[in-house]
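Next come the chains, spelled out residue by residue.
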Amino acid sequence: MASAPYDDPVALKILIAGGFGVGKTTLVGSVSEIRPLRTEELLSDRSIGVDDTEGVDDKTTTTVAMDFGRITIRDGLVVYLFGTPGQHRFWFMWDELAYGALGAVVLADTRRLTDCFPAIDYFEQRGTPFIVAVNCFDGAEVHEPENVRIALDLDPDVPVLNCDVRRRSSAKEVLITLVEHALRTLTASAG
Amino acid sequence: MSKPEWLDEDPGPVVRPFALIRGRTRSSGDKFDLIAVVVPTGASAPPEAIIGPEQRRILELAEEGVTVAEVASELDLPLGVVRVLLGDLKDHGLIEVRPPAQVSPLPSERILKEVIHGLRAL
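Residues numbered from 1 in each chain as written. Chains lettered and ligands numbered in written order. Predicted model: local features only at pLDDT ≥ 70, side-chain atom pairs only at ≥ 80, totals over all residues.

Caption draft 1: Structural context of the overall build of chain B. Along chain B, the regular secondary structure elements total five helices and three strands. Beginning at the N terminus, the succession of helices and strands in chain B can be written as α-β-α-β-α-α-β-α. The buried share among the 122 residues of chain B stands at 37%. Partitioning the contacts of chain B with sequence separation of at least 6, the portion at a separation of at least 24 is 76%. (Helix = DSSP H or I, 4+ residues; strand = E, 2+ residues; numbered from the N terminus. Buried ≥ 20, exposed ≤ 12 C-beta atoms within 10 Å, placed from the backbone. Contact = placed C-beta atoms within 7 Å.)

Written out as structure tokens, the structure reads:
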């Protein structure tokens, strides 16, 4: 282990965003070994008043847990997946997570489509390549990706696909779609 | 093989995380990227360096070439605490923290194609 090569290891970061309970943890777990990552953050002024802080008046820091997965492509080339905290009060963490990210998967649930609006707005404004993956929950009506695109008012070049993140093959397809999209974005900006 | 007896299921850490770094929340490690790679320099510790179990573990992990996020996950400590510990080790010349090779703009076409290929093969 001590002789591991250090020359130019490439680490890439992919973000998994979306509303609470949309399947971010499941997606990360389907394609990688999932590990918890936590951080202790000061509660921002914005979150005070939104949070139910009754009985915890003195609490000024909060522990934020994130999902964190690692996919080794080869020696020296690793993709890290970071599930972004879903709740709005953890937005301040997004800038750090998004910095240098290859791209983002915005997971959507058609029963609660508005939950992914903030994530879409955020990545559009930042210019981070992103795709929308509609997690098809049992019992939920399956919608055509094109209808989801219209409902979310997405640019025509943003890929939208249906997926079942519990299935490894489907989760893989989601990531491949994102990296292909990032590649197109790269070649378009170079050309 | 008797298991240690705890008074409750999850007694929590013996030392509160921020006590490990003597209450500091600012250090030279503040700006370390989540996926920056921690690499040992091989230098020996200066006398003023505090090398406790956490620091020792970080140096072991660094031998394998790990990222800042992995150190936090492995030590089960908050990122803020880990950044301070890493900042100290760097200040003592024991580690280097290398920013990701590709931050901005996007990584090369060759790398991305390799990633797509690798994901298909998973």
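Caption draft 2: Layout of the overall build of chain A. Looking only at helices and strands, one finds five helices and seven strands in chain A. If you list the helices and strands of chain A from N to C, you get β-α-β-β-β-α-β-α-β-α-β-α. Per-residue burial for chain A yields a buried fraction of 36% across its 191 residues. Contacts in chain A between residues far apart in sequence, at least 24 positions, make up 73% of those at least 6 positions apart.

Caption draft 3: Highlighting the interface of chain A and chain B. Taken together, the contact pairs 36 residues of chain A with 32 residues of chain B. When residues of the side of chain A that touches chain B are traced back to their parent elements, those giving at least two are β1 (10–18), β2 (33–42), β3 (61–74), β4 (77–83) and α5 (168–190) of chain A. Broken down by element, the residue count for the side of chain A that touches chain B peaks at nine residues, all from α5 of chain A. A per-class count over the side of chain A that touches chain B returns 23 nonpolar, four polar and nine charged. (Nonpolar A, V, L, I, M, F, W, Y, C, P; charged D, E, K, R; others polar.)

Caption draft 4: Just the packing of α5 of chain A against helix α5 (residues 109–121) of chain B, in detail. Packing of α5 of chain A against α5 of chain B brings their axes to within 9 Å, and their N-to-C directions diverge by 165°. Relative to α5 of chain B, α5 of chain A is oriented roughly antiparallel. Where α5 of chain A crosses over α5 of chain B, the two elements pack in a sense that is left-handed. On the side of α5 of chain A, the interface is formed by Lys172, Leu175, Ile176, Val179, Glu180, Ala182, Leu183, Leu186 and Thr187 of chain A, while α5 of chain B contributes Glu109, Leu112, Val115, Ile116, Leu119 and Arg120 of chain B. (Axes fitted to C-alpha atoms, helices over the stretch in contact; angles between N-to-C directions. Parallel < 35°, antiparallel > 145°, perpendicular 65-115°, else oblique. Left-handed = near helix turned anticlockwise from the far one by under 90°.)

Caption draft 5: Structural view of the pairing of strand β6 (residues 130–135) of chain A. Residue and element names in this part refer to chain A. Within β6, six of the six residues are buried, leaving the element largely enclosed by the surrounding structure. The alternating pattern of β6 places Phe130, Val132 and Val134 on one face and Ile131, Ala133 and Asn135 on the opposite face, and all of these are buried. Direction of pairing for strand β5 (residues 103–108) relative to β6: parallel, over a ladder of five bridges. Counted as the bridge partner of Ala108 is Val134 from β6. Read as a crossover between parallel neighbours, the route from β5 over helix α3 (residues 117–126) to β6 is right-handed. Relative to strand β7 (residues 160–163), β6 is paired through four bridges, and the arrangement is parallel. When the bridges of β7 are listed, Ala133 appears paired with Leu161. Taking the sense of rotation as the criterion, the β-α-β connection linking β6, helix α4 (residues 145–152) and β7 turns out right-handed. (Pairing = 2+ DSSP bridges. Right-handed = clockwise from strand over helix to strand, strands pointing away.)

Caption draft 6: How the structure looks around the confidence of the model for chain B. With 83% of its residues at a pLDDT of 70 or more, chain B shows a mean pLDDT of 84. For this predicted complex, the interface score ipTM comes out at 0.82, while the overall pTM is 0.81. (pLDDT = per-residue confidence, 0-100.)

Caption draft 7: Examining helix α4 (residues 79–91) of chain B more closely. Residues and elements named next belong to chain B. With 13 residues, α4 ought to run about 18 Å at 1.5 Å a step, and its terminal C-alpha atoms sit 18 Å apart, in line with that. The element α4 is extensively covered by neighbouring structure, given that 11 of its 13 residues are classed as buried. When α4 is considered as a whole, its buried residues turn out to be Leu79, Gly80, Val81, Val82, Arg83, Val84, Leu85, Leu86, Gly87, Asp88 and Leu89. Just beyond α4, the residue with positive phi is Gly93, at close to 75°. (Expected span 1.5 Å × (residues − 1).)

Caption draft 8: Highlighting the sheet that holds strand β2 (residues 66–67) of chain B. Residue and element names in this part refer to chain B. The antiparallel open sheet is built from three strands, whose spatial order is β2-β1-β3. Every other strand in the sheet has two partners, leaving β2 and β3 (95–98) as the edge strands with one partner each. Bridge analysis of strand β1 (residues 37–40) against β2 gives two bridges, and the strand direction is antiparallel. Bridge pairing in β2 places Val37 opposite Thr67. Its contacts with the sheet put helix α2 (residues 53–63) on β1, β2 and β3, and the angle it makes with β1 is roughly 100°. Along the sheet, α4 contacts β1 and β3; its crossing angle with β3, the most-contacted strand, is approximately 120°.

Caption draft 9: The arrangement of the confidence of the model for chain A in detail. Mean pLDDT over chain A stands at 83; residues scoring 70 or higher make up 80%. Note that pLDDT drops below 50 for residues 44–57 of chain A; the model gives that stretch seven contacts with residues more than four away or on any other chain.

Caption draft 10: Highlighting the nonpolar core. Ranked by size, the top nonpolar core spans 78 residues in total, and within it Ile14, Val105 and Val106 of chain A together with Val68 and Leu86 of chain B carry the most contacts. Beyond its immediate stretch of four places on either side in the chain, Val105 of chain A contacts Ile14, Ile16, Ala17, Ile131, Ala133, Val174 and Leu178 of chain A. (Core = buried A, V, L, I, M, F, W, Y, C linked by C-beta atoms within 7 Å.)

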